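Spelled out, the chains give:
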Amino acid sequence: MKKIIALTLLWASFLSCSPDNDYPNYSYEVLPVASYEVPASFKLGETYTITLKYQKPTSCHGYQGIYYDKNLNVRTIGIQTVVDKDQICNQALPPITEVSFQFYVTNTGSYIFKFYKGKDANGVSIFEEKEIKVDN
């Protein structure tokens with residue numbers, strides 16, 4: 001009797017294993033900034049709204065946030081998305097989306113914003129740079 005119970009439990013454990021998993025299948029992707037709006041100049045200690053426009057390549061791309069990296073006075077900016085790989089994606093381009101963030105000026109001199117514009121034919125990232133001076 002013990003052998004039958006043990007074999008039944010062993011058989012049930014094999015049947016319960018499935019190659020399908022229930023975990024979401026997704027990845028992250030940084031999208032290019034199609035256009036942007038920045039002030040002509042900054043004032044020290046002031047906060048400014050920077051507006052970005054971008055295009056999702058498919059309906060499977062969901063907005064995740066703004067990719068923002070700072071190194072001294074250089075700010076690198078792109079659009080962070082999450083891509084759901086378990087959906088059937090609509091390839092028709094959704095409308096252009098607009099997002100913005102607040103930028104607080106903490107340094108004098110100038111800031112260089114590098115807006116991500118995609119990759120070239122060799123897979124090298126392309127950036128559009130915009131220098132904004134800080135008025136005294």
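For the structure, see preceding data.
Residues numbered from 1 in each chain as written. Predicted model: local features only at pLDDT ≥ 70, side-chain atom pairs only at ≥ 80, totals over all residues. Heavy atoms only, no water.

Caption draft 1: Geometry of the pattern of salt bridges. On inspection of all chains with the given rule, the structure shows three salt bridges. The residue K53 makes a salt bridge to E98 at a minimum N-O spacing of 3.7 Å. Of this pair, K53 sits in strand β4 (residues 47-54) while E98 sits in strand β7 (residues 97-104), and the two are 45 residues apart along the sequence. Among the salt bridges present, the one from K117 reaches E128, with a minimum N-O distance of 3.7 Å. Here E128 lies in strand β9 (residues 125-135) and K117 lies in strand β8 (residues 110-119), a separation of eleven residues in the sequence. Given the relative accessible area of 27%, K117 is considered partly exposed. (Salt bridge = Lys/Arg side-chain N within 4 Å of Asp/Glu carboxyl O. Helix = DSSP H or I, 4+ residues; strand = E, 2+ residues; numbered from the N terminus. Buried < 20%, exposed > 50% of the residue type's maximum accessible area, 1.4 Å probe, protein only.)

Caption draft 2: Local environment of the packing of aromatic side chains. Inspection of the entire model under this criterion finds twelve aromatic pairs. Considering the side-chain rings of F42 and F113, the 6.1 Å spacing of their centres and the 65° angle between planes classify their relative orientation as edge-to-face. Linking F42 in strand β3 (residues 41-43) with F113 in strand β8, this pair joins segments that are 71 residues apart in sequence. The residues F42 and F113 share a single accessibility class, namely buried. Considering the side-chain rings of Y68 and F101, the 5.7 Å spacing of their centres and the 70° angle between planes classify their relative orientation as edge-to-face. On the criterion of sequence distance, the pair formed by Y68 in strand β5 (residues 61-71) and F101 in strand β7 is long-range, its members being 33 residues apart. (Phe/Tyr/Trp six-rings, centres within 6.5 Å; stacked < 30°, edge-to-face > 60°.)

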